[in-house]
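Tertiary structure, described
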Amino acid sequence: MSLDLTLVDQRRISMAGNFAPEAGQVFTPREAASLVASMLDLPKVDRIRVLDPGAGTGSLSAALVNKIRHQVPSTTVDLVAVERDGRLVPALEETLQEIESLGQVNTSAIEADYLLDGVGLTAELGALEDPFDLVIMNPPYAKLAANAPERLALRPLGVEAPNLYAAFMALGLSQLRASGQLVAIVPRSFMNGTYFEQFREFLLARSVIRRIHTFESRNTVFGDSGVLQESVIVTFESGGKLGPIEISVSRANDPVPHHYTADYDKVVLPTDPHQFIRIPDEHGEDVPADKTLADLGLTVATGRVVDFRARSYCLNDPGEETVPLVYPGNFDGGVITWPRIMKRQKPQHFDARDDFARKQIHAPGRYVVVKRFSAKEEPRRVVAAIWDAEGPVAFENKTNVIGPITDPAVAVGLSLWLNSGPLDRLFRTFSGHTQVNAGDLRTLPIPDEDTLRSWGNNRKPALPGQNAIDQIVTEEA
Ligand SMILES: C[S@@+](CC[C@H](N)C(=O)[O-])C[C@H]1O[C@@H](n2cnc3c(N)ncnc32)[C@H](O)[C@@H]1O
């Protein structure tokens, strides 16, 4: 027997009109709900205990119980759905009644705050005490300040949850039995950046990632609610062993997701101290890189001259105390051409006449400089070039500066690596935008110094064509 998911979806649509997506009350459409449920493996047990926190009108519960009924018809299901908003509870109860009508399903709708009533001193939700086999969620999202009650309530679990959705995931995970699975459809933001670093540490210490689903186009999942955000669906297994991760991608205009698997260490690089969760592309190529810039003793800084704040120091003509001022527009195929005539001309001289200005210049030396913003028409996100001159230099704020680097061959090798196709693909596994921050560069995998030197030996800083660059960094490793 199967559930009429059309009815469940109509209930969702009729309720959705009354709620504002900004309040985190975006309900999962039928197809997406089935996709989320499909990302769970069903345990081979007689009874499956399921939790749906922040259940809304129950779309996820319905899709999951439907799947259980099809795949393991003889299994009994105990389903707990928690919803804080009393206006949604009648609709949720209707859905749960329909679910119960499938037989061998016990449901309870609990009107409560999953976070505040579920844990901490005020915990009242006895129904949540026993561990669950499966947790399925499309949690609310909103930033949590350091002293937000939800964040404080979760702290005893050992987690810092900077967002409501992270708090839901952390609590859900802690309520799983060993080898139980949690699937969540959430914003991609927790997968990288420092803001969620402690949260990732918590997640990855307690569970392993089993599956990741992404959407190529931002408006595909919650299309009918007008929500535009980069969503992912991720399945975690509590206390599981590291193994290959199944990745799937929904492409615009193609109803069938594209599937492939990636090695765990391509998703969470063992060398990455920040444990970014990457989504490698299908080729998941082996890169000869297991160091970071810091391992090589190299620092990264954002160019110090913010030109609109230092207008009187940025000059068109040289003066007695001026030093070269380098903009992204000075990048020229791997080298920095200075001074340079540009279409939208930028001042090429920085007047280091006083202490304020002198603080903004770099010591003489050799630097690998990276654009902070790549233009859309540029085929790669990371665009690097070498600065190598005798005197001091000023880098404008739209650049990142790596170095100084003493060995010219290492600088050329690093520039080849940063400008390569494999590095670009790695970069795209964790960054969805065109900006390249100093923090991003610090986490990028970099080959060891000998490898960089061997690539750069007897080569000039000017870059060869893309194919030649890619050949150097893959074949000659
Ligand atoms: C993004 S909606 C998703 C609803 C449903 N899971 C779905 O997929 O259609 C999040 C739901 O969580 C509920 N919610 C928000 N904060 C909550 C809390 N602290 N405890 C329980 N439910 C909460 C909201 O009212 C909303 O119904």
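The present account deals with the structure reproduced in this document. Note that the coordinates shown come from a computational prediction; the quantities given were computed from them, not determined experimentally. (Residues numbered from 1 in each chain as written. Predicted model: local features only at pLDDT ≥ 70, side-chain atom pairs only at ≥ 80, totals over all residues. Heavy atoms only, no water.)

1. Digging into the overall build of the chain
Basically, it comes down to this: Each helix is a run of H or I in the DSSP string that is no shorter than four residues. Each strand is a run of E no shorter than two, and both are numbered from the N terminus. Relative accessibility under 20% of the residue-type maximum defines a buried residue, over 50% an exposed one, and the middle range a partly exposed one, all with a 1.4 Å probe and only protein chains included. We call two residues contacting when some pair of their heavy atoms lies within 4.5 Å. His is not counted, nor are the chain ends; Lys and Arg add positive charge and Asp and Glu add negative charge. To locate a charge, the coordinates of NZ of Lys, CZ of Arg, CG of Asp or CD of Glu are taken.
Secondary structure summary: the chain contains 14 helices and 19 strands in total. Expressed along its principal axes, the backbone C-alpha trace of the chain runs to roughly 85 × 45 × 40 Å. Per-residue burial for the chain yields a buried fraction of 55% across its 477 residues. A fraction of 75% describes how many contacts in the chain between residues 6 or more apart in sequence connect residues 24 or more apart. Both charge centroids of the chain, one from 48 positive and one from 62 negative side chains, sit 4 Å from each other.

2. Digging into the packing of aromatic side chains
Heads up, the rule is: When two rings of Phe, Tyr or Trp (its six-membered ring) have centres within 6.5 Å they constitute a pair, described as stacked for plane angles under 30 degrees, edge-to-face for angles over 60, and tilted for the intermediate range. Only lysine NZ and arginine CZ atoms are considered, and such an atom sits over a ring when it is within 6 Å of the ring centre and within 35 degrees of the ring normal.
For the structure shown, the criterion picks out 11 aromatic pairs. Here the aromatic rings of Tyr195 and Phe196 are separated by 5.3 Å at their centres, their planes lie at 85°, and the arrangement is edge-to-face. Look at Phe196 and you get buried, because its relative accessible area is 4%. Measuring from ring centre to ring centre gives 5.1 Å for Tyr313 and Phe356, while their planes differ by 50°; the resulting arrangement is tilted. In this pair, Tyr313 sits in the loop between strand E10 (300–302) and strand E11 (314–315) while Phe356 sits in helix H9 (residues 355–358), placing the two residues 43 residues apart along the sequence. Its relative accessible area of 11% is what places Tyr313 among the buried residues. The ring centre of Tyr313 lies 4.0 Å from the NZ or CZ of Arg353, which sits over that ring.

3. Thoughts on the site of the ligand
Operational definition: If a single non-hydrogen atom of a residue is within 4 Å of a molecule or strand, that residue counts as near it. Polar contact is the term for a pair of N or O atoms within 3.5 Å; when the atoms are in protein, one must be able to donate a hydrogen and the other to accept it, and sequence-neighboring residues count only if both atoms are side-chain atoms. We get accessible surface area from the Shrake-Rupley algorithm with a probe of 1.4 Å; when it comes to residues, only the shown protein chains can shield them. For each structure, a 1 Å grid was placed over the protein atoms alone; sets of points admitting a 1.4 Å probe that cannot get out are labelled cavities, open sets with protein on both sides within 12 Å along at least five of seven lines are labelled pockets, and lining residues have an atom within 4 Å of a point. Those molecules having more than half of their atoms within 2 Å of a cavity or pocket grid point set are described as sitting in that cavity or pocket. Charged means Asp, Glu, Lys or Arg here, nonpolar means Ala, Val, Leu, Ile, Met, Phe, Trp, Tyr, Cys or Pro, and polar covers whatever is left, Gly included.
Residues in contact with the ligand amount to 20 residues; listed here are only the nearest, Gln25, Thr28, Gly54, Glu83 and Tyr114. Interatomic distance of 2.4 Å between a side-chain N/O atom of Thr28 and an oxygen atom of the ligand. At 3.3 Å from a nitrogen atom of the ligand is found a main-chain nitrogen or oxygen belonging to Arg84. Out of a free accessible area of 590 Å², the ligand has 99% covered by protein chains. One can see that the ligand is located within the second largest pocket. The class makeup of the residues in the shell around the ligand is 10 nonpolar, 6 polar and 4 charged.

4. Some details on the nonpolar core
Put simply, the test is: Here, the term nonpolar core denotes a set of buried Ala, Val, Leu, Ile, Met, Phe, Trp, Tyr and Cys residues that are joined through side-chain atoms within 4.5 Å.
Within the largest apolar cluster, 54 residues are counted, with the highest numbers of intra-cluster contacts made by Met169, Phe190, Phe199, Ile209, Ile212, Phe236 and Ile277. No other element matches the 9 residues that helix H6 (residues 164–174) contributes to this core. When residues no more than four places from it in sequence are discounted, the contact partners of Phe236 are Met169, Leu173, Gly180, Gln181, Leu182, Phe190, Leu203, Ser207, Val208 and Ile209. Counting 34 residues, the second largest nonpolar core, distinct from the first, contains Val370, Val412, Leu452 and Trp455.

5. A few points about the sheet that holds strand E12 (residues 322–326)
Quick reminder of the rule: Paired strands, as defined in this entry, are two strands with at least two bridges between them according to DSSP.
Spatial ordering of the open sheet is given by E11-E15-E12-E18, a layout of 4 strands whose pairing is mixed. The strands lining the two open edges of the sheet, one partner per strand, are E11 and strand E18 (394–395). Direction of pairing for E12 relative to strand E15 (residues 349–351): antiparallel, over a ladder of 3 bridges. Its bridge partner being in E15, Pro324 is matched across the sheet by His349.

6. Notes on the layout of surface pockets
To be explicit about the condition: Grid points are joined across faces, edges and corners, and a volume is the space filled by probe spheres set on the points. Domains are outlined according to an automatic or database domain assignment.
In this structure, the largest pocket occupies an estimated 560 Å³ of space. Around the largest pocket sit 22 residues that line it, and Arg188, Thr214, Glu216, Ile279 and Arg428 are the ones nearest its centre. Counting residues per element, the ones that place at least two in the lining of the largest pocket are strand E6 (207–215), strand E7 (231–238), strand E8 (245–251), strand E9 (254–262) and helix H11 (421–430). With 3 residues, the single largest contributor to the lining of the largest pocket is H11. Considering only residue class, the lining of the largest pocket consists of 6 nonpolar, 6 polar and 10 charged. Taken domain by domain, the makeup of the lining of the largest pocket includes at least three residues from each of domain 1 (5–267) and domain 2 (300–475). Size it by volume and the second largest pocket reaches roughly 440 Å³. Lining the second largest pocket are 30 residues, with Gly24, Gln25, Gly54, Glu83 and Pro140 positioned closest to its centre. Secondary-structure elements contributing two or more residues to the lining of the second largest pocket are helix H3 (59–71), strand E2 (76–83) and H6. Of the residues in the lining of the second largest pocket, the class split is 16 nonpolar, 9 polar and 5 charged.

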